[in-house]
Amino acid sequence: MKNALTDLLGIEYPIIQGGMMAISGAELAAAVSNAGGLGVLGQKGNSPDSLPAWRDEIRKTRALTDKPFAVNLPIHVPFVDEALAIVFEEAVPVVATAAGNPLPVLPRLKEHGVKVMHVVSSVKLARRVAEAGVDAIVAEGGESGGLVARDRVSTMVLVPMVVDAVSLPVVAAGGIADARGFLAALALGAQGVQMGTRFLVTRECTAADDQKEAIISAQDTDTRVVPMGRANARMLKEELHPQAMAGQIGGMITSVETVGEIITRITTALRSEFDRLAAMI
Ligand SMILES: Cc1cc2nc3c(=O)[nH]c(=O)nc-3n(C[C@H](O)[C@H](O)[C@H](O)COP(=O)(O)O)c2cc1C
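Summary of the structure given here.

Scoring rules and cut-offs
- Residues numbered from 1 in each chain as written.
- Predicted model: local features only at pLDDT ≥ 70, side-chain atom pairs only at ≥ 80, totals over all residues.
- Helix = DSSP H or I, 4+ residues; strand = E, 2+ residues; numbered from the N terminus.
- Buried ≥ 20, exposed ≤ 12 C-beta atoms within 10 Å, placed from the backbone.
- Contact = placed C-beta atoms within 7 Å.
- Near = placed C-beta within 6 Å.
- Core = buried A, V, L, I, M, F, W, Y, C linked by C-beta atoms within 7 Å.
- Pairing = 2+ DSSP bridges.
- Axes fitted to C-alpha atoms, helices over the stretch in contact; angles between N-to-C directions.
- Right-handed = clockwise from strand over helix to strand, strands pointing away.
- Left-handed = near helix turned anticlockwise from the far one by under 90°.

### Remarks on the overall build of the protein chain
Here's step 1: Along the protein chain, the regular secondary structure elements total 11 helices and 11 strands.
Here's step 2: A principal-axis box enclosing the C-alpha atoms of the protein chain has dimensions of 50 × 40 × 40 Å.
Here's step 3: Scored against the burial criterion, the 281 residues of the protein chain give a buried share of 49%.
Here's step 4: Restricting to contacts in the protein chain with at least 6 residues of sequence separation, those with at least 24 account for 60%.

### Thoughts on the site of the ligand
Here's step 1: As a structural note, the neighbourhood of the ligand is formed by 28 residues, with Gly-18, Gly-145, Gly-146, Gly-196 and Gly-247 the closest of them.
Here's step 2: Of all the elements, helix 9 (residues 197-200) adds the most residues to the shell around the ligand, at three residues.

### Here's the deal with the nonpolar core
Here's step 1: Of all hydrophobic cores here, the largest spans 85 residues; its most connected members are Val-95, Ile-137, Ala-139, Val-170, Val-171 and Val-193.
Here's step 2: With six residues, helix 2 (residues 26-34) is the single largest residue contributor to this core.
Here's step 3: Leave out the neighbours within four places in its chain, and Ala-139 touches Val-120, Ala-126, Leu-158, Val-159, Val-162, Val-170, Ala-172 and Ala-173.

### What about the sheet that holds strand 7 (residues 146-148)?
Note on sheets: strands pair through backbone hydrogen bonds, and any given pair is parallel or antiparallel.
Here's step 1: Strands sit in the order 7-11-10 across an open sheet of three strands; the sheet is antiparallel. Edge positions in the sheet fall to strand 7 and strand 10 (223-228), since each of these pairs with one other strand and no more. Neighbour-to-neighbour, the strand axes of the sheet open up by a mean angle of 40°, direction not taken into account.
Here's step 2: Pairing geometry for strand 7 and strand 11 (residues 231-236), over three bridges, is antiparallel. Opposite Gly-146, over in strand 11, you have Arg-234 as the bridge partner.

### A word on the sheet that holds strand 6 (residues 136-140)
Here's step 1: Here we have eight strands laid out as an open sheet, ordered 1-9-8-6-5-4-3-2, and parallel in their pairing. The open sheet terminates on both sides in strands that have one partner only, identified here as strand 1 (15-17) and strand 2 (39-41). Pairwise comparison of adjacent strand axes, ignoring direction, gives a mean angle of 30° for this sheet.
Here's step 2: In terms of strand pairing, strand 4 (residues 94-98) meets strand 5 (residues 115-120) through four bridges, oriented parallel. Across the sheet, Val-95 pairs through a bridge with Val-116, a residue of strand 5.

### A few points about the pairing of strand 3 (residues 69-74)
Here's step 1: Strand 3 sits mainly inside the fold: six of its six residues count as buried.
Here's step 2: The alternating pattern of strand 3 places Phe-69, Val-71 and Leu-73 on one face and Ala-70, Asn-72 and Pro-74 on the opposite face, and all of these are buried.
Here's step 3: Two elements, strand 2 and strand 3, share three bridges in a ladder whose sense is parallel. Residue pairing for strand 3: Gly-39 is matched across the bridge by Phe-69.
Here's step 4: With helix 3 (residues 51-64) bridging strand 2 and its parallel neighbour strand 3, the resulting β-α-β unit is right-handed.

### Quick notes on the packing of helix 6 (residues 123-132) against helix 7 (residues 155-165)
Here's step 1: One way to put it is that helix 6 packs onto helix 7 with a least axis distance of 9 Å and a crossing angle of 35°. By crossing handedness, the relation of helix 6 to helix 7 is classed as right-handed. Packed against helix 6, whose contacting residues are Val-123, Ala-126 and Arg-127, the element helix 7 presents Met-161, Val-162 and Ala-165 at the interface.

### Some details on the environment of Glu-257
Here's step 1: Mapping Glu-257 onto the fold places it in the loop between strand 11 and helix 11 (259-280).
Here's step 2: Sequence separation of Glu-257 and Glu-204 is 53 residues, and the distance between their C-alpha atoms is 8.7 Å.
Here's step 3: Not counting residues within four places of it along the chain, the set of residues in contact with Glu-257 comprises Thr-202 and Ile-262.

Set out below in C-alpha cells:
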C-alpha cells in the first residue's frame, strides 16, 4: 500500500501497533515492523529507574529489525527530558507522543529530525498539535483500551472530524481489529490504523497468558472505564480479570495469533472487502 502515511514513516502497510507500556516490548514492536507495519515500543515503567531497561529494549528492537519503529512517550511521565536524551542518543526515527501536551517537547524532536505522531481524543487538540508541527495525528476514540478521555468521543465520530480539521495524515485508533475496521477507517478519511487490543492478544506480546485468555472470553459489553490516577482507563470488567486493559473490540478477538498472521490476514482481506462494498454501491 502507498499513501502519505506510509511515505512519511517508510513502512509497507499503514498499520501501527499502539504503545502499551511494558507489554509492548522489543519482540512485539520488531514483529510488527518486520511484518510491514510500525512497531511502537512502550515505556518500561513510571519512574526514571525504568530508563536503562528502556534503552536496552530500544537496542534489542534494533537488533531484531532493520525496519523503522517508534517509541511511545506519554508526556505525563516525570522523566520526559531523560527519555528524550535516550531517543536522540539511540537515533530513534519516530516518537509517538500521548497523554499530555506535546508542545514543549516538539521543537527538540524536530531539531533532531525525529518524526512525531501525537495521540488526540478531540478535534480541538488535533488542531493545536497540527499547528505546532507534529507530522501525523492518531485520532483515538473512546472505545479503545488503556487511558481514555473524559468525553470518550467514538472513533466513528472523531476520525472524520479530525480529518476535516487538519491537513496531516490521520491514523484511526480505537475499536479496530480486522480488515472491515481498517477499510472503515480509510473510508472516514484516515490514512492508516493503530491497534492496541488486537496486538495485545499475540504470541509476541508479553502480557500474561491469563490476560490474553480473559480478552478472548470477553464479549462486546465486557469492558468498563475506571479512574486511574488523574485519568480514566478502559479495562475488562473485574469479573473477567482484575487488571486486564482492553478495548471494546476485545469482544471480536477469538484466539492468540502471531503478529504476522494478523497483518497478513488484514491486508489480504482488504481487497475482497473493498470489492464487497463496491458491489453494493
Ligand atoms: C493494555 C493497554 C495499554 C496501553 N498503554 C498505552 C500507553 O502506555 N501509551 C499510549 O499512548 N497508549 C496506550 N494504549 C493505547 C494503545 O496504544 C492504542 O491506541 C489503543 O489500544 C487503540 O485502541 P484498541 O485497543 O481498541 O485497539 C494502551 C492500550 C492498551 C490496551
